[in-house]
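Structure at a glance
Here is what each chain is made of, one letter per residue.
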Amino acid sequence: MNRLSEAATRAFIARYGTALGAVAVFVFFAAAAQNFLTPGNLAVVLKQISYIAILGIGFALALTAAELDLSFANVTSLAAVATGTLVHGGKPWGLAVLAGLAIGLAFGLLNGLVVTRLKVPSLIATLAVASIANGFAFMITGGVSIVGRWNPDFVFLGRGVVLGLPILVLWTAAAAALALFFLKQTRTGLHLTFTGEAEDAARLAGIATRRMKLLGLGLSGAAAGATAILLTASLSSAAPTSAGDFLLTAIAAVLLGMTMIEPGRPNVTGTLIGALIIGMLGNGLVLLGAPYYVQDIVLGIIIVASVSVSASTLTKAAFHV
Amino acid sequence: MRTGLLIAATAAVLALAPDAHAMKLGIVAFQMSSETHARVANAAEAAAKQKGWEVTLLNSRGAMPEHAAQLENLISAKVDAILVAMGKPVETDAQLAQAKSAGIRVLTVMSGTSPHTLFDIQVNEYEVGAQAALYLLGQLNYQGGVLLSRFEGNVGTRIRGKVLDAVLSENTAVKILDSHGMARTASWRDDVKAGMSALLLKHQGKIDGIWASFDGQAFVIDDVLQGMGLAKGKLPLVSVDGGQEASARIRDKTSLMTATVAIPFERMGTAAVDALDRIVVQKKPKDDIVHGPYLFMGAVLVDASNVPAEGKWPW
Amino acid sequence: MAALLSLRAIGKSYGAVVALSAIDLDIDAGDVVGLCGDNGAGKSTLIRIISGALPPSAGEMRLDGRPVAFASPAAALESGVATIYQDLALAPRLAVYQNIFMGAEHLRRFGFLRLLDKRRMRAESAHFLARLNVDLPDVDRPVSDLSGGQRQAVAICRALRWNARLVVMDEPTAALGVRETRQVLDLIRELHAQGVTILIVSHNMDDLVAVTNRVVLLKNGRKIGECRTAAATADDLAHMIASGVVP
């Protein structure tokens, strides 16, 4: 009986240890930083993490099929400048939104085709595609950011408030719900998971593993496109390097997520909690007056700590040919 | 292991946690890895600490969403004032408006103006660009061929390039032999080195002068020229920014660096803190310091005739 | 009546290297047949041909009297030939029921969508395991939690899920301890009792004698003969393989 409960405790810690860590971070800042617990500040934190949460969910979907997508940040920037250019040029904003999504999806599928058809490992393939996206972003803008007073309906997509909540929070919740539903309730989602968990076994069982990898990388691209639209609307501007900073933080959110809920595996709920931890740290450290380099150091420690817990899947994906 | 790391991070944060009551200033530098941004931010931080203020120095790492997020976080932190170095007021209009309505005074350095901020401390980049361009043309006696090292990824360097184009369009005896547009990457030095080396070889013997959009590029070009065995005075090499290394190279007998337009980044940082001291602490009206949205500070052209000694500034 | 599976003059060569030549083999419905031989005798080549992983270079394969040519293991599976590989081809971190239904999930209607019917898959998984007399109460547990014998049971359940008429088992008892080997042999007997036709490849003569009706012996890529196991011992089989002569 005693041994059983000990094992149960250990299993609980493995599943929820990092989530408890998130609660600890929350309690710590609530106690140490006087303005942390105000509703306004909590809304700020939730709003700020929406980009890395959505990008992280995309990255996690690709990683579910055991493929790395290191291009999502640059693809987001490219889709952002394309969307921004269209809105700025007075085109209907619906068209700009479609263009942003289409560019994200197209680059995701490009990643997928390079990986599945040309057999280039995703680590290399997506870095190359990242460079291509970066080139296009500068080609469109010449390095100048696109700024303006834009159609309020478009800006509402990023800055609006619905039911008292920042709209970004609702988009994030919608993306997470959609991804969870896809992975857990649909056959294609399960096949994506099988592809990442046991590619040979999945292929022998008749699962189209290459198509699943294409899909995983395509979805990551689509998440980048969606993020680009929210980013452009909420900043009312777009620059060819808008999203570069999200590469590390979004991946860190996924890695943190892999230490909980489904330990060792990329998962949506864990990614959300991981993003929340990163967001709380970024915000809380500023409230405490910590200088910028402390944030970088803490982020680095988080990545090392979470990878040390959940490295196996990532290395498998990174060096898989 | 994980718990240990968490405790260590917690302890580090607690050790840094400040006491209340002092004037709280948040400084946001758009990109600390860029030397000019860091010079402004670090000088301002030092000046503010000397006044006994509580300072939070943040780095937006060159990313707009991070920049906006940090402004939001500082507003949440209820700082008394925010100083933005090389920021983007138009893109962060919503955050700056929020700061204003929260009663937080925002002062910017080399960022541009906004209805929600006090004013912007600037050097006039158009004037700076014109000084550098005209100096180079003077060195050439208004004729010959020049090589350009450009950078379109930054407002300041882009303006300098455009002003140079304008100056050259009025002085048609000076021809652009070639120009290299620097790529925006972490390894930009390699890019400048490779691009300019190729152009120097291609136009060997026909080059009368070299223009670089900022000093960092000029240093790389200087090293390439020295490596090719060229001696000081052989070719004028002119750029913009100014700083200890630029002065050192202008003094150096082996360097080809001829002149730079020194922008007083440190002085802009300290002037910003002084202005905030008068406006926020001493409650003086803003118009006591400057009328209008800009406080212009002068840039100084530095060449062999006025180069300051080591550790000194030309102003 | 035609045999369930019948091979005629099956051969496989890689350029000048002949891996397998002129193999004739008939397996009747409901039979349990063993395949044995030394390393390099051609066992795994033959298995891969039957399971659809490798096309033969010569000969003909008939299933239920009709000629077949499997393009892939998945195609063989659809024709009712399921192969259980030595590494079992499972996804260790996923649940027992998910592994059993891998690639052949049950779906249910949900408005215009078709979603995974988890309740049905869980229930049928429990039913398959019960048919094999395997006590595994929680089909939501990950396969990595299971013993070697239990994993073998999951792999066999997968064959049941496909309604496989012929189950090909590649070294089912390799790397198992004594107790687990006995469990797997029990599983095979159980499967046989339910009328499933089985082809077992094994090094272990004792196991083959214990569960099969007859054994096909290979040596150097050729079939040297067949032997009914009711009348033979493991030593007899080992001797035949060593000498290359089947009395």
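It is worth spelling out the pattern of salt bridges at this point. Applying the stated rule across the entire model yields 35 salt bridges over all chains. Put simply, Arg39(B) and Glu266(B) hold a salt bridge, and the shortest N to O gap is 2.9 Å. In this pair, Arg39(B) is assigned in helix H2 (residues 35-50) and Glu266(B) in helix H10 (residues 265-281), connecting sequence segments 227 residues apart. The pair Arg39(B) / Glu266(B) is uniform in exposure class, with both members buried. The network of salt bridges with shared partners includes Glu67(A), Glu199(A), Asp200(A), Arg203(A) and Lys213(A).

By contact count, the dominant pairing among the two pairs of chains in contact is that of chains A and B. Looking at chain B next to chain C, you find no contact at all, with the nearest C-alpha pair sitting 24 Å apart.

With that settled, consider the side chain of Ser220(A). All names here are of chain A. The topology assignment puts Ser 220 in helix H11 (residues 209-235). Judged by its relative accessible area of 1%, Ser 220 is buried. Once residues lying within four places of it in the same chain are set aside, the contact partners of Ser 220 are Gly 58, Phe 59, Ala 62, Asp 69 and Phe 72.

Residue and element names in this part refer to chain B. You can read the domains of chain B as domain 1 (21-123 + 265-284) and domain 2 (125-262). With five residues of domain 1 at the contact, the number on the domain 2 side is five residues. Each partner contributes to the roughly 450 Å² buried at the junction of domain 1 and domain 2, and carbon and sulfur atoms together form 45% of this total. Three residues, Arg 39, Val 123 and Phe 265, lead the burial of domain 1 against domain 2; their summed loss comes to 56% of the area buried on that side.

In this section: the interface of chain C and chain A. Each side of the interface is counted separately: chain C has 22 residues, and chain A has 21 residues. Here chain C meets chain A over a buried area of about 1,800 Å², counting both sides, of which 65% is carbon and sulfur. Contact with chain A buries surface across chain C, with Arg93(C), Leu94(C) and Leu116(C) losing the most and accounting together for 31% of the total. Remark: the boundary between chain C and chain A carries one salt bridge.

Attention shifts here to the packing of helix H12 (residues 246-257) of chain A against helix H13 (residues 268-287) of chain A. Residues and elements named next belong to chain A. Orientation of H12 relative to H13, taken along the N-to-C sense of each, is 125°, at an axis distance of 7 Å. Relative to H13, the element H12 lies oblique. When you trace H12 past H13, the crossing you get is right-handed. Together, Thr 249, Ala 252, Ala 253, Val 254, Leu 256 and Gly 257 of H12 and Gly 270, Thr 271, Gly 274, Ala 275, Ile 277 and Ile 278 of H13 make up the contact between the two elements. Class assignment of the residues belonging to the contact of H12 with H13 gives a composition of seven nonpolar, five polar and no charged.

With that settled, the discussion passes to the sheet that holds strand S3 (residues 32-36) of chain C. All names here are of chain C. Pairing is mixed in the open sheet, where six strands are placed in the order S6-S9-S10-S3-S11-S12. Unpaired on one side and paired on the other, strand S6 (81-84) and strand S12 (222-228) mark the two borders of the sheet. With strand direction ignored, the average angle separating the axes of adjacent strands in the sheet is 20°. Bridge analysis of S3 against strand S10 (residues 197-201) gives four bridges, and the strand direction is parallel. Pairing of Gly 34 across the sheet is with Ile 200, part of S10.

Let us look at the interface of chain B and chain A. Each partner contributes residues to the interface: chain B has 35 residues there, and chain A has 39 residues. Summed over both sides, the interface between chain B and chain A buries roughly 3,600 Å², with carbon and sulfur atoms accounting for 60% of that surface. There are three salt bridges connecting chain B and chain A. Here Glu72(B) and Lys47(A) are joined by a salt bridge, their closest N and O atoms 3.1 Å apart. Run the count over chain B and chain A and you get twelve residue pairs in polar contact (both at pLDDT 80 or more). Put simply, the parts of the chain that give the side of chain B that touches chain A at least two residues each are helix H1 (2-16), strand S2 (54-59), helix H3 (64-76) and helix H4 (93-101) of chain B. The greatest single-element share of the side of chain B that touches chain A, amounting to nine residues, is contributed by H3(B). A per-class count over the side of chain B that touches chain A returns 19 nonpolar, six polar and ten charged.

Time to look at unusual backbone geometry. The backbone phi angle of Tyr142(B) is positive, close to 60°, even though this residue is not glycine. Structurally, Tyr142(B) is set in the loop between helix H5 (125-139) and strand S6 (144-150). The exposure class of Tyr142(B) is partly exposed, given its relative accessible area of 37%. Positive phi, close to 50°, is recorded for Asn220(C), a residue that is not glycine. Assignment of secondary structure puts Asn220(C) in the loop between strand S11 (214-219) and S12.

Attention now moves to the nonpolar core. Grouped together as the largest cluster of nonpolar side chains are 151 residues, with contacts concentrated most on Leu83(B) and Ile121(B). The residue makeup of this core includes at least three contributed by each of domain 1 (21-123 + 265-284) and domain 2 (125-262) of chain B. In this structure Ile121(B) touches Leu107(B), Thr108(B), Val109(B), Met110(B), Met268(B), Ala271(B), Ala272(B), Leu295(B) and Met297(B), once residues within four positions along its chain are discounted. Leu183(A), Leu187(C), Leu208(C) and Ala234(C) belong to the second-largest nonpolar core, a separate cluster that totals 76 residues.

Moving on to helix H6 (residues 178-193) of chain C. Residues and elements named next belong to chain C. With 16 residues, H6 extends 23 Å between its outermost C-alpha atoms, agreeing within 8% with the 22 Å of an ideal straight helix rising 1.5 Å per residue. The complete set of buried residues in H6 reads Glu 180, Thr 181, Val 184, Leu 185, Leu 187, Ile 188 and Leu 191. Burial along H6 is one-sided: seen end-on, the buried residues are contained in an arc of 150°. Exposed residues pointing more than 90 degrees away from the buried face of H6 are listed as Val 178, Arg 179 and Ala 193. Immediately downstream of H6, the backbone of Gly 195 shows phi near 90°, a positive value.

A few words now on the sheet that holds strand S3 (residues 81-85) of chain B. All names here are of chain B. With respect to topology, six strands assemble into an open sheet ordered S2-S1-S3-S4-S5-S11, the strand pairing being parallel. Looking along the sheet, the strands with just one partner apiece sit at the ends: S2 and strand S11 (294-296). For this sheet, the mean inter-axis angle between neighbouring strands, taken without regard to orientation, is 20°. For strand S5 (residues 120-122) and S11, the ladder comprises three bridges, and the chain directions are parallel. In the strand pairing of S11, Gln 122 is matched with Phe 296.

So, on to the environment of Val134(C). Residues and elements named next belong to chain C. Of note, Val 134 is situated in the loop between helix H4 (118-131) and helix H5 (148-161). Sequence spacing of Val 134 and Arg 151 is 17 residues, and the spatial spacing of their C-alpha atoms is 11 Å. Residues within four places of Val 134 in sequence aside, it is in contact with Leu 129, Ala 153 and Leu 187.

Each value, and the rule that gives it
Residues numbered from 1 in each chain as written. Chains lettered and ligands numbered in written order. Predicted model: local features only at pLDDT ≥ 70, side-chain atom pairs only at ≥ 80, totals over all residues. Heavy atoms only, no water. Salt bridge = Lys/Arg side-chain N within 4 Å of Asp/Glu carboxyl O. Helix = DSSP H or I, 4+ residues; strand = E, 2+ residues; numbered from the N terminus. Buried < 20%, exposed > 50% of the residue type's maximum accessible area, 1.4 Å probe, protein only. Contact = heavy atoms within 4.5 Å. Domains from an automatic or database assignment. Buried area = accessible area lost by both parts, 1.4 Å probe. Axes fitted to C-alpha atoms, helices over the stretch in contact; angles between N-to-C directions. Parallel < 35°, antiparallel > 145°, perpendicular 65-115°, else oblique. Left-handed = near helix turned anticlockwise from the far one by under 90°. Nonpolar A, V, L, I, M, F, W, Y, C, P; charged D, E, K, R; others polar. Pairing = 2+ DSSP bridges. Polar contact = N/O pair within 3.5 Å; in protein donor to acceptor, adjacent residues only side chain to side chain. Core = buried A, V, L, I, M, F, W, Y, C linked by side-chain atoms within 4.5 Å. Expected span 1.5 Å × (residues − 1). Arc of directions from axis to C-beta.

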